[in-house]
Amino acid sequence: VGLALAGQSKTDGSWADSGEFFTYSTSIALSGLSAFKAVNKAIPKAISKGRHFLVKLDFQGPARTGCNSGDSSSTASYCGGWNYDPDAGRSDESNTGWAMTGLFLSGGVPTSIRHDNINWQHHVQSLKGNPFSPTANDGGGSYQPVYADHNGGEFSSNANDSGSVLFGLGFDGVPASDKHAAAAIKFGNDVLNTYEKALPTREMVYHTGTNEDGSCNPAVSGCTWSFASSSEGGYHYSIFALTKGLGEYIAPKLTNPKNWYAKVADLLLGSQGTDGSWPQDGRDDGDGTFASALAVSSLGLVAVPPSK
């Protein structure tokens, strides 16, 4: 399997599903190949080329695009993230999250890009001090900076992108004491608590409250959380992202019902079908196969440092 996947890479080191989605495809390929490094010498070579593509040919950073990720920069809306392909001038947190995951699992996020990526994570987070979010201050993450001030509906402070912000900061080495990480950790736990209160409904959620205000059942009137539409969605995708994020900062403890991993296990095991699969929720879960892969990865603590 590893050799077959390595053999599908392009000459520039990338992978492309149907000739597009370069960042997604390359990042997922690197994540998969990271488990086959010792199988054949061709695999580490493919990984190296794939990493080079993500960092040197695909990253929306100063070295390639000339952008500046500072708060007052005119390019802050994209600098420090990743786009669907190498085209310059655009980033989103979904592509960025997958790129960070591929790099992290295949050898780590290079220090050379951490500064600008940290700035990108700040710019998609609804938190005081972010020029893109003068009002919203709940610590959640959004799809792009333009949505950080809770002006994008389900694209603002949603469970998917909030998980990506959290593990992005973690993969960049940002400590839990940092205000951005602390707010993202709190928000991530609020998401899991909201999922528990929403049972038996299992749909991705987003937060509409201006400030962080805990959890509640989106089905109840007055709750500041809402269920996303099927055109966005991604219940299993969000748990996958939150597992990586919370796992960077809090050790998993299955026997502690208040621990994030115990909640993840409870939520996922309770939705597994009799054939062993998990159902798709919305676009970001892809299909039943991808939703199941996300669930298994979460239960298996993918990208979570081993407990000491």
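To keep things clear, this report deals only with the structure shown in the data block.

Here the focus is helix α11 (residues 288–299). The end-to-end C-alpha distance of α11, which contains 12 residues, comes to 16 Å, matching closely the 16 Å that a straight helix rising 1.5 Å per residue would cover. Among the residues of α11, those classed as buried are Ala-291, Ser-292, Leu-294, Ala-295 and Ser-298. Mapping the buried residues of α11 onto a view down its axis gives an arc of 160°, with all of them on the same face. On its buried face, α11 sits against α9 (235–249) and α10 (260–269). The backbone nitrogen of Thr-289 lies 3.1 Å from a side-chain oxygen of the residue at the head of α11, namely Asp-287.

As for its placement among the helices and strands, Arg-51 is situated in helix α3 (residues 42–58). One buried charged side chain, Arg-51, makes no salt bridge at all; its nearest oppositely charged neighbour is Asp-172, positioned 11 Å away. Within polar-contact distance, the side chain of Arg-51 engages the side chain of Ser-106 at 3.1 Å. Setting aside chain neighbours within four positions, we find Arg-51 in contact with Leu-30, Leu-103, Ser-106, Gly-107, Gly-108 and Pro-110.

The next thing to look at is the pattern of salt bridges. Any two side chains of opposite charge can pair, so long as their charged atoms come close to each other. Summed over all chains, the structure comprises three salt bridges. Across the pair Arg-283 and Glu-232 runs a salt bridge whose closest N-O atoms are separated by 2.6 Å. Taken together, the residues Arg-283 in the loop between α10 and α11 and Glu-232 in the loop between β2 (225–227) and α9 connect sequence positions 51 residues apart. By relative accessible area, which is 2% here, Glu-232 ends up buried. A salt bridge links Arg-283 to Asp-284, with the nearest nitrogen and oxygen atoms 3.2 Å apart. With relative accessibility at 17%, the residue Asp-284 sits in the buried group. When salt bridges with common partners are traced through the structure, they connect Glu-232, Arg-283 and Asp-284 into a single cluster.

With that settled, the discussion passes to the side chain of Asn-83. One can find Asn-83 in the loop between α4 (62–65) and α5 (93–105). Exposure remark for Asn-83: the relative accessible area of 6% places this residue in the buried category. Within the structure, Asn-83 has its side chain in polar contact with the backbone oxygen of Asp-87 (distance 3.3 Å).

If you look at the biggest cluster of nonpolar residues, it comprises 35 residues, and the most contacted ones within it are Val-191, Leu-192, Tyr-195, Trp-225, Ile-239, Tyr-249 and Trp-260. Ranked by the residues each element gives to this core, the list is headed by helix α8 (residues 179–198), at seven residues. Those residues in contact with Ile-239, other than ones at most four positions away along the chain, are Tyr-195, Val-264, Leu-267, Leu-268 and Ser-298. Among the nonpolar cores identified, the runner-up in size contains 23 residues, and Ala-29, Ala-46, Leu-54 and Met-100 belong to it.

Applying the stated criterion to the full structure yields two disulfides. Paired by a disulfide, Cys-67 and Cys-79 hold their sulfur atoms 2.0 Å apart. Taking the torsion about the sulfur-sulfur bond, which here is approximately 65°, the covalent link between Cys-67 and Cys-79 counts as right-handed. Of this pair, Cys-67 sits in the loop between α4 and α5 while Cys-79 is found in the loop between α4 and α5, placing the two residues 12 residues apart along the sequence. Counting its disulfide-bonded cysteines in sequence order, the protein chain shows a connectivity of 1-2, 3-4.

Viewed as axis vectors pointing N to C, helix α6 (residues 111–124) and helix α7 (residues 159–171) meet at an angle of 155°, and their least axial separation amounts to 10 Å. Of the possible angle classes, the one that applies to α6 and α7 is roughly antiparallel. For the pair α6 and α7, the sense of crossing is left-handed. Along its contact with α6, which presents Arg-114, Asn-117, Gln-121, His-122 and Val-124, the element α7 presents Ser-164, Val-165, Gly-168, Leu-169 and Phe-171. Partitioned by chemical class, the residues of the contact of α6 with α7 number four nonpolar, five polar and one charged.

Quick look at unusual backbone geometry now. Put simply, Leu-199 and Pro-200 share a cis peptide bond, and its omega is 15°. Following the sequence through the fold, Pro-200 ends up in the loop between α8 and β1 (205–207). Even without being a glycine, Phe-21 presents a positive backbone phi close to 55°. Here Phe-21 lies in the loop between α1 (2–6) and α2 (22–33). Among the residues examined, Phe-21 registers a relative accessible area of 34% and is labelled partly exposed. Notably, His-150 is not glycine yet its phi reads approximately 60°, a positive angle. As for its position among the elements, His-150 is in the loop between α6 and α7.

Conventions used here
- Residues numbered from 1 in each chain as written.
- Predicted model: local features only at pLDDT ≥ 70, side-chain atom pairs only at ≥ 80, totals over all residues.
- Heavy atoms only, no water.
- Helix = DSSP H or I, 4+ residues; strand = E, 2+ residues; numbered from the N terminus.
- Expected span 1.5 Å × (residues − 1).
- Buried < 20%, exposed > 50% of the residue type's maximum accessible area, 1.4 Å probe, protein only.
- Arc of directions from axis to C-beta.
- Contact = heavy atoms within 4.5 Å.
- Polar contact = N/O pair within 3.5 Å; in protein donor to acceptor, adjacent residues only side chain to side chain.
- Lys, Arg positive; Asp, Glu negative; His and termini not counted.
- Salt bridge = Lys/Arg side-chain N within 4 Å of Asp/Glu carboxyl O.
- Core = buried A, V, L, I, M, F, W, Y, C linked by side-chain atoms within 4.5 Å.
- Disulfide = S-S within 2.5 Å.
- Axes fitted to C-alpha atoms, helices over the stretch in contact; angles between N-to-C directions.
- Parallel < 35°, antiparallel > 145°, perpendicular 65-115°, else oblique.
- Left-handed = near helix turned anticlockwise from the far one by under 90°.
- Nonpolar A, V, L, I, M, F, W, Y, C, P; charged D, E, K, R; others polar.

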